[in-house]
Every structure is written in C-alpha cells, then in structure tokens.
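# Structural characterization, general
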Amino acid sequence: MSDVINYSYEELSNIFKQQKYVAIDTETTGLHWWRTEVCVVSFAWSGGSTALWVPKEERNSNSPMARLLTELFNFPTNRVVLWNAKFDFHQIRETFGVEIPSWDSFHDAMIMCHLLDENRRMALKVRVKEDLGIDPIEEKQLKLHMRRNKLTTYDEIPLDILLPYAVKDAEFTLTFYAKYFSDVREYFLRVYDLERKSLMVLMEMERHGVLIDKPYLEGVQVQLLTELDELDLSIKDLIGDDLNINSPRQLADYFFRKEGLAPVKMGKTHESVDVSVLEQLKHPLAEQLVSYRKKFKLANTYVAPMLEMLDSNGRLHCSYNQVGAKTGRMSCSDPNLQNIPSDRETSLIRRAFVSDSGMVFFDYSGMEARVFAHYCNDTNLINAYNDNLDPYIMVGASIFEIPYDEVVYKLEAGDSEAKNMRYIGKTTFLSTIYGVGRKRLSGQLDVGMDEAESFLKSFFKLYPKIKPFVRTISDQVKVNGYVETLAGRYRRLEFKDNYKGVNALIQGTATGDMLKASLVKTHDALKETGGSLSLVIHDEVAIEGLPNEGIPVIKSILEDFKGFKVPIPVDVSISEYSWADKKELNEV
C-alpha cells in the first residue's frame, strides 16, 4: 500500500500557487450531499499528491480546509480538475460553504471521457482498470476492511487504509485529465464548454430542489399499501395461494398452459407477461395484476423513495446526469422523474410536487420533430411548421386520403376516428426519427406488415426529401462511424447500427445541445426576472416563483434558436400550487 505524504495547509497553499492544474477528490459519509459530510479531501498536482483527513469539528466554513479550498478555487492562474465535478462541488459547498466561482475555473475529466467515447462506462474505477490496466490494491484493502468490520461509511475506516485509497482518486483524475484534454480542446471544445456551463446550472437547480407535500404523500403511501393488500387478497380469492404473482414463469404457466390463453409475445425463456401483455389478455386475473403492478410501482419506485430522500425542509433534490444518455440527453435519478407517467393514477404523485410561490412550466412542442424538419430540409414539412399546421395530421390525412381541413374539423369536434388518424400519422412520422421499420411499426399500430408499409410510402410521398436524408445519415454512420450534432457532439455507432444515426443526430441536437443551451440562458435571465429553475422533465422546464412579467421573457429565450428553418415553440402552463393542477396559459 502506498504512503501518503503529509503537508500542512500553508505548504499546500504555496504549492498550489505554483501549479496550473490541481486535481481534487472527496470522500464523504454518504452519497446525498444534503445529509452527509466530507471527511477526506485529496489533491494531486504535477509532482505530488496528498490526502487530508478533516476532523468532524473542522467540517465547517471557518476551517483551514475551507480557507484552502476558497483560495484554490479562486486562484486566477490555475484550474481545478475533478471527476464527476458536480458531486464534489455539492459536497464541498455543503460541508465547507465553498463554491466554484465560474464554469471556466474547473475541468471535469468525466465529461471529457464521455465526449471522447460515450460508449464507455464513466465510473472512475472502471476507467482506471480498462484504460490504464491498473487494479488498485488500495481499493481492495478498503473494501475488505469494510466488509470484515461491517462498516458502512468512510469516516469509520482507519486513516492508514482510507488515505492511500483516497489519494489515488485524485492522482487518477489528474492522469485522465492529461490524457484527454488535448483531444477535447482540439475537437470538442464547443460542446465541452456547453457541458461545463450546464453543470453549473444543474448544480444550482438540484440545490434548490422542489418542495414536496409530505403529509399528503404519506397519505398516498397509506392508501396505496391498503389497496395493494386488498388486491392481494382478491387475487388469492381468485386463484388461491399456490401461484406466486411475482414470478413471471409461474404466471406464464398459469395463463398459457393452465388457462389456455394465446401468448402475445415471447420473452427470453418463456412467454412474456409484462404489463403490455396483461392488458391484452381477456382474463380477470390479468386485469387485477395490471392494477397491482401499477400501484406497486408507484408505492415502491416513487412514493417510498421520495419520502426517504426529503431534506429537513421537505424538499426533494433530484440528481441530473448530463451525460446519462449516450446521445447527451440528461437522465434523472433519486427519483427518476422522467419515467413518471401522465395517466390519471399517477397524478397522485404529481400532486405532491408543490410550491407556495407557484410554478410555471415551459414545454417544448414536438422539439425533436421540428429539429428533424430543420435537418431533413423537406420543403413541405418546413412549410407545414412555418404555416402552423400539424404535420402529424397531414400524414394521417394523406394515409387515409382525406382533406387536412376535414380531419382538423373532426378532431376539434372530438371525433375518435380523427384522433386515430392523427395517432397513426404521428407514430408513422416518429418511426422515421427513431429508426423503426415496417415490422415494428405494424406492431405499434396493430396492423399488418403490408398496411404499415403503405403508411410509410404515403409518408415519404408527402415529404419526399426525408427518405434521401435518412439514407444519407445512415451512410455517414457506415463511413465515419459517427454522427455530429449541432454543438459538435459525436454519437459513435457500429456499422450494423447505422439505422440509429438519425435518432442520435436529432436527440443529441435537441435535448443534448439545444435544451442545455436554453437552460444556461434561462438561468442567467432569472437573475433579473426572479424565479428559480426547479425541474426538467424530458423537454419541459419548470420554474418556481417566476413573476407574471417574467413569463414572456423566459418564453422568448427558450424559443430563440437563430438560423433554424422552423420555429421551436414552447407551450406555457401555470400552477398556483401543485404540479398536478397546472393549466395552459393561452396568451403570453
């Protein structure tokens, strides 16, 4: 095990003043910054490294560590380097009250790693093993000690084990920075700067969090658990105690052998019994299982974790991973709000998200489809958006050979047939963006292969430049191995996955580049208008406490994409208190 050289705070201060780059890493008492503390801070620089234990009484803004970090973060001549900087910045601010001053005063080697090859796993330890061929003994010693002594937090570990482990993370971070930076600077500087700016915005948004109505959510939890118990009893009354309803294999045997129902689709080892299958089975048990699974998911995926994750003020601090998807689209965890459905039952969850100062929601209207129109450069599609027509209705009307105005009229009257036409038109349109062929389209629309093929033919006839565009992007992937987004982000794909190229280009540009750039501009504008970014759910941005006069300002910023051939509008909704009660604001 390597030795850690001890330095005084004064010695480190003098060393750092001579360095251009200093890598930092923290070890903490837990993962969630609002309830944990930093117990070790590690540093690495050209020619040296160290790890410092921070006693509990010094985990505050008046400590020597706080003064050293403040000095380091504000040196005009150097930059700090981290791996997954947002995590460490949260922890450092919460423990020591120290903040990074600007987006250009730090580097994040993890973001660099993602930009250079998004198909790799981003965990530092994984990269050390796969890229450097090192399997650190220090990590093995630490894990072995924790396992033998049943320890759960790092501040319980002896320093002769903890500090050598901790210092390696800073050393490896500096190594990867040196390995990555020249290529990032040469090829990806524009998108790298965007990601660093986004990191600052997301960090503040996470810190602000969103208020949760805890008593209400606790009531929902009791209600769901009661309903699950009742469903469990009802299911047992129906089929007895012998069947384990949580066993897919047993359910498959029950439905397709004992009851003789026809299988809908196959899983890897037996007939599928997922929710989409259960919803199609004409059987009383299937109906009850669908209800049971939905309630179980609400109770265990959202309600219980949300209650567990609240801070002392009843606020929820979701974590946004800006490189969570390979396309550059953000992902969300603790909890994953991106996966909350919008059906009536799930409004129970949305109702728990509240604000005493009100919320304003800005939802991009078909953002990816509009970006697609810009790139494919089809005159008919561009004109449709610029004339404020609905391309999905146009596709549906073309497929069924009905005048566009007639479908619009029927749709406004609530005609179910017209709604189905638009649905078919939308699904056919989006199938092109998402690389869906006629086989999958036929399954999505529950029509035959020939009918799905005819839908696609009508679509390509209506918008004749789309098919050549799709072929061009696929050929780019075959030749270059990647597509490049608006901000210069690469999405690297294998030859056989060339059909994914269009989706990678569109999603990477829309939500990987444009949405993040909009968030940065919005964050700056909110300093003048008032209000705080609270949530980002897919293409929707929620702002808390935004004054009425600030709504058109933010709307204008979010829609400002100069050089685009079609408008990228946002729909505005407002809520005086709860997310579930938001209503459209028609005139802004």
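What comes next concerns the included structure. Within each chain, residue numbers correspond to sequence positions counted from 1 in written order. Only residues with pLDDT of at least 70 are given local features in this predicted model, and only at 80 or more are side-chain atom pairs given and counted; all residues enter the totals for whole chains, interfaces and linings. Excluding hydrogens and water, the side-chain figures rest on all heavy atoms present in the structure.

### What about the side chain of Thr36?
- Here a strand is any run of E in DSSP of at least two residues, a helix any run of H or I of at least four, and the numbering for each starts at the N terminus. Here Thr36 lies in the loop between strand 1 (21–28) and strand 2 (38–45).
- What qualifies as a polar contact is a pair of N or O atoms within 3.5 Å, subject to a donor-acceptor requirement within protein and to the restriction that residues adjacent in sequence count only when both atoms come from side chains. For Thr36, the side chain forms a polar contact with the main-chain oxygen of His32, separated by 3.0 Å.
- One polar contact links Thr36 to Gln91, side chain to side chain, over a distance of 3.1 Å.
- Setting aside residues up to four positions removed in sequence, Thr36 forms contacts with Thr29, Gly30, Leu31, Gln91 and Thr95. For this analysis, residues touch if any pair of their heavy atoms sits within 4.5 Å.

### Focus on a positive patch on the surface
- On the surface, Arg438, Lys457, Lys467 and Arg471 cluster together into a patch of positive charge.
- Turning to its location among the elements, Arg471 is positioned in helix 21 (residues 466–480). What makes a patch is a set of residues exposed beyond 30% relative accessible area and free of salt bridges, joined within 9 Å when like-charged and within 5 Å when nonpolar (Val, Leu, Ile, Met, Phe, Trp, Tyr). Accessible surface is estimated by sampling points in the Shrake-Rupley manner with a 1.4 Å probe; for residues, cover comes only from the protein chains shown. For this analysis, a salt bridge means a side-chain nitrogen from Lys or Arg found within 4 Å of a carboxyl oxygen belonging to Asp or Glu. The positive count covers Lys and Arg only, the negative count covers Asp and Glu only, and His and the chain ends enter neither. The atom standing in for a charge is NZ when the residue is Lys, CZ when it is Arg, CG when it is Asp and CD when it is Glu.

### Side note on the nonpolar core
- Phe255, Phe353, Phe362, Phe372 and Phe429 are the most contacted members of the largest nonpolar core, which totals 117 residues.
- Counting residues per element, this core draws most heavily on helix 12 (residues 284–309), at twelve residues.
- Contact partners of Phe353, with chain neighbours within four places excluded, come to Val210, Leu211, Ile212, Met306, Leu316, Leu337, Met359, Leu535, Tyr577, Ser578 and Trp579. In plain words, nonpolar cores are sets of buried Ala, Val, Leu, Ile, Met, Phe, Trp, Tyr and Cys residues tied together by side-chain atoms within 4.5 Å. A simple rule labels every residue: compare its accessible area, found with a 1.4 Å probe on the protein chains alone, to the largest value its type can have, and call it buried under 20%, exposed over 50%, or partly exposed in between.

### Re the sheet that holds strand 15 (residues 540–544)
- Pairing between strands requires that DSSP locate at least two bridges from one strand to the other. The strand order across the open sheet formed by five strands is 14-15-11-16-17, and the pairing between neighbours is antiparallel. Both edges of this open sheet fall to strand 14 (532–537) and strand 17 (583–584), since each of them pairs with a single strand only.
- Pairing of strand 14 with strand 15, which is carried by five bridges, proceeds in the antiparallel orientation. Across the sheet, the residue bridging to Leu533 is Ile543, located in strand 15.
- With respect to the sheet, helix 8 (residues 189–208) is in contact with strand 14 and strand 15, its orientation differing from that of strand 14 by roughly 100 degrees. Orientation is described by lines fitted to C-alpha atoms, with helices fitted over the stretch in contact, and by angles between N-to-C directions that extend from 0 to 180 degrees.

### Some thoughts on the environment of Leu307
- Tracing the backbone through its elements, the reader meets Leu307 in helix 12.
- Using a relative accessible area of 17% as the deciding quantity, one classes Leu307 as buried.
- Along the sequence, Leu307 and Pro215 sit 92 residues apart, while their C-alpha atoms lie 9.9 Å from each other.

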